[in-house]
Amino acid sequence: MRGERRVVVTGLGMVSPLGLNVLDTWRSLLAGHSGIRPIAAFDASQWPTRIAGEVWDFDPGAWVSPQEARRSDPFIQYAMAASCQALEDAKLLPEPEQPERIGVFLGTGVGGIGTIEQAVHKLTDRGVRHISPFTVTGMAHNMASGAVAVRWGLRGPNLSIGSACASSTHAIGMAARSICYGDADAMLSGGAEASITPIVVASFSAMRALSQHNDEPESASRPWHTARDGFVVSAGAGALLLEERERALRRGVHIYAELVGFAATDDGHHITMPPEDGAGARRAMSLALTDAAILAEDIQHINAHATSTPRGDAAESHAIRAVFGKQQESLALSATKSMTGHMLGAAGAVEAIFTVLAINDQVAPPTINLDQPDPSCVPDSVSGQAREWPIRHAISNSFGFGGTNSVLIFRRSDD
């Protein structure tokens, strides 16, 4: 990373379609379980797409007061849950040390879209006097990072980043640079998304971006498959506590991995479709390698963006081939969205956590639903079952609408 200060990961937190914490999610992921089911959040029984990855059995009361639960959008509640877990994991609770040196960067794609939908219905059906005064604080993108900072009195840099499906990856990378440049000593970073709402599912359906394998929800998300027909939209949140390495060593906390590389580019090509050769993704991976001061042959594992869209999976595969050449055949490549679905702005944070755990546990997660691999896509996916794998450096890829690309590189801790 640019700058003299090294950045390590000391805390992890998550809620996802596979579990309400990191350990349960990770165990389910390694076992090859799917979190995709018929939509329960609203009646989608007559819709073209009727499946999603919801945060099943989530109880906001476990993380926020009843009053906060009534006033806050679910994406804020998810962020609070993941952030609390990460802070506890990093041993920064009940009272964080030097809170003025701890910041919060969280990403989201659609923010409080559910709050907006409810407000529109109330305005239309009952009139302006029935709009809640908490509508703005429920729908604004920065309310997750703001609420987290207020909850624990964190007074360092605070930003909300909205860059579609790369949002939380950008948030993590920019948070790390804040530490490198000395703006903070620790940063709570990641993202949250509560995206299983009528307008979100309907909008992506209208774009024909979603899978319609409604009768087989668990096998609908099928990255790199010859019959892939779109992604499965999901919800969730992931939070990582990034910390200046010397500070973490002084505190004696567990270091999961070191964040050594970050890069962001844009395709400059099309608002929704990447170029066929994946040029923007290729440049992002190459620049991240440069930022990490390593070579392509130093990478052992990639958690691919791999959403299960025909164009996107192929473009990323071309980019990986361009960067890694023949070495791609010796990489362990995982498409974890085959199990979680696509959490939009939270996907990068959740997948960064998977990448960190892959390094920490020396195991590559599986890609499920890959009985018919597309020969034009990546050749050595970890298909079917998790694989023990020696991993020193690993990449986490995230790409989004608007042509935005973001890449993180993690390294096994030297401590």
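Up top you'll find the structure we're talking about.
Residues numbered from 1 in each chain as written. Predicted model: local features only at pLDDT ≥ 70, side-chain atom pairs only at ≥ 80, totals over all residues. Heavy atoms only, no water.

## Examining the overall build of the protein chain
Step number 1: The number of helices and strands found in the protein chain is 13 helices and 14 strands.
Step number 2: Overall size of the protein chain, expressed as C-alpha extent along the three principal axes, is 65 × 50 × 40 Å.
Step number 3: Put simply, of all contacts in the protein chain between residues at least 6 apart along the chain, 80% involve residues at least 24 apart.
Step number 4: As presented, the protein chain carries roughly 15,800 Å² of accessible surface, and 51% of it is formed by carbon and sulfur atoms.
Step number 5: Distance between charge centroids for the protein chain: 4 Å, based on 33 positive and 44 negative side chains. (Helix = DSSP H or I, 4+ residues; strand = E, 2+ residues; numbered from the N terminus. Contact = heavy atoms within 4.5 Å. Areas by Shrake-Rupley, 256 points an atom, 1.4 Å probe, with all protein chains shown as cover. Lys, Arg positive; Asp, Glu negative; His and termini not counted. Charge placed at Lys NZ, Arg CZ, Asp CG, Glu CD.)

## What about the nonpolar core?
Step number 1: The biggest cluster of nonpolar side chains holds 47 residues, and the ones touching the most others in it are Tyr78, Leu188 and Val233.
Step number 2: If you list the elements that add at least two residues to this core, you get helix 3 (74-89), strand 4 (102-107), helix 6 (143-152), strand 6 (186-193), helix 8 (198-206) and strand 7 (236-244).
Step number 3: Considering each element in turn, this core owes the most residues, ten residues, to helix 3.
Step number 4: In this view, valine 233 contacts Ala52, Gly53, Ser195, Ile196, Val200, Val201, Leu210, His342 and Leu344; residues no more than four positions away in its chain are not counted.
Step number 5: Counting residues in each nonpolar core, the second largest holds 44 residues, with Met14, Leu18, Met343 and Ala347 among its members. (Core = buried A, V, L, I, M, F, W, Y, C linked by side-chain atoms within 4.5 Å. Buried < 20%, exposed > 50% of the residue type's maximum accessible area, 1.4 Å probe, protein only.)

## Examining unusual backbone geometry
Step number 1: The amide bond that connects leucine 93 to the next residue, proline 94, takes the cis arrangement and shows omega of 15 degrees.
Step number 2: For proline 94, the location among the structural elements is in the loop between helix 3 and strand 4.
Step number 3: Despite not being glycine, lysine 91 shows a phi value in the positive range, around 60 degrees.
Step number 4: Assignment of secondary structure puts lysine 91 in the loop between helix 3 and strand 4.
Step number 5: A positive phi angle, close to 95 degrees, is found at serine 308, a residue other than glycine.
Step number 6: As for its position among the elements, serine 308 is in the loop between strand 9 (301-303) and helix 11 (310-324).

## Here we look at helix 11
Step number 1: Look at helix 11: 22 Å from first C-alpha to last across 15 residues, which is about the 21 Å you get at 1.5 Å a residue.
Step number 2: Buried residues of helix 11: Asp313, Ala314, Ala315, Glu316, Ser317, Ala319, Ile320, Val323 and Phe324, and no others.
Step number 3: As for helix 11, its buried residues are in contact with helix 10 (279-292), strand 9 and strand 13 (393-400).
Step number 4: Residue glycine 325 follows helix 11 closely and has a positive phi angle near 55 degrees. (Expected span 1.5 Å × (residues − 1).)

## Considering the side chain of histidine 225
Step number 1: Within the secondary structure, histidine 225 sits in the loop between helix 8 and strand 7.
Step number 2: The class of histidine 225 is buried, set by a relative accessible area of 3%.
Step number 3: Polar contacts involving the side chain of histidine 225 include one to the main-chain amide nitrogen of alanine 227, which spans 2.9 Å.
Step number 4: For histidine 225, the contacting residues outside a window of four places in its chain are Asn369, Leu370, Asp371, Gln372 and Asp374. (Polar contact = N/O pair within 3.5 Å; in protein donor to acceptor, adjacent residues only side chain to side chain.)

## Some remarks on the packing of helix 7 (residues 167-180) against helix 13 (residues 347-361)
Step number 1: Two numbers describe how helix 7 lies on helix 13: the axes approach to 5 Å, and their chain directions differ by 60 degrees. Judged by the angle between their axes, helix 7 and helix 13 are oblique. Counting all contacts with helix 7, which are made through Ser168, Thr169 and Ile172, the residues of helix 13 involved are Ala347, Gly348, Ala349 and Ala352.
Step number 2: Along the lines of polarity and charge, the residues of the contact of helix 7 with helix 13 split into four nonpolar, three polar and no charged. (Axes fitted to C-alpha atoms, helices over the stretch in contact; angles between N-to-C directions. Parallel < 35°, antiparallel > 145°, perpendicular 65-115°, else oblique. Nonpolar A, V, L, I, M, F, W, Y, C, P; charged D, E, K, R; others polar.)

## So, the sheet that holds strand 1 (residues 7-15)
Step number 1: Spatially, 5-4-6-7-1-8-14-13-9-10 is the arrangement adopted by the ten strands of the open sheet, whose pairing is mixed. Where the open sheet ends on each side, the last strands, each with one partner, are strand 5 (158-161) and strand 10 (332-334). The mean inter-strand angle of the sheet, taken between neighbouring strand axes irrespective of direction, is 25 degrees.
Step number 2: Relative to strand 8 (residues 257-266), strand 1 is paired through three bridges, and the arrangement is antiparallel. Counted as the bridge partner of valine 7 is leucine 259 from strand 8. (Pairing = 2+ DSSP bridges.)

## So, the side chain of glutamate 193
Step number 1: Tracing the backbone shows glutamate 193 in strand 6.
Step number 2: Comment: no salt bridge for buried glutamate 193; closest opposite-charge side chain is lysine 337, at 12 Å.
Step number 3: A distance of 2.8 Å separates the side chain of glutamate 193 from the backbone nitrogen of glycine 109, its partner in a polar contact.
Step number 4: At a separation of 3.4 Å, a polar atom in the side chain of glutamate 193 contacts the main-chain amide nitrogen of glycine 111.
Step number 5: Among all residues touching glutamate 193, those that are not within four sequence positions of it are Phe75, Tyr78, Thr108, Gly109, Val110, Gly111, Ala235, Gly236, Met343, Leu344, Gly345 and Ala346. (Salt bridge = Lys/Arg side-chain N within 4 Å of Asp/Glu carboxyl O.)

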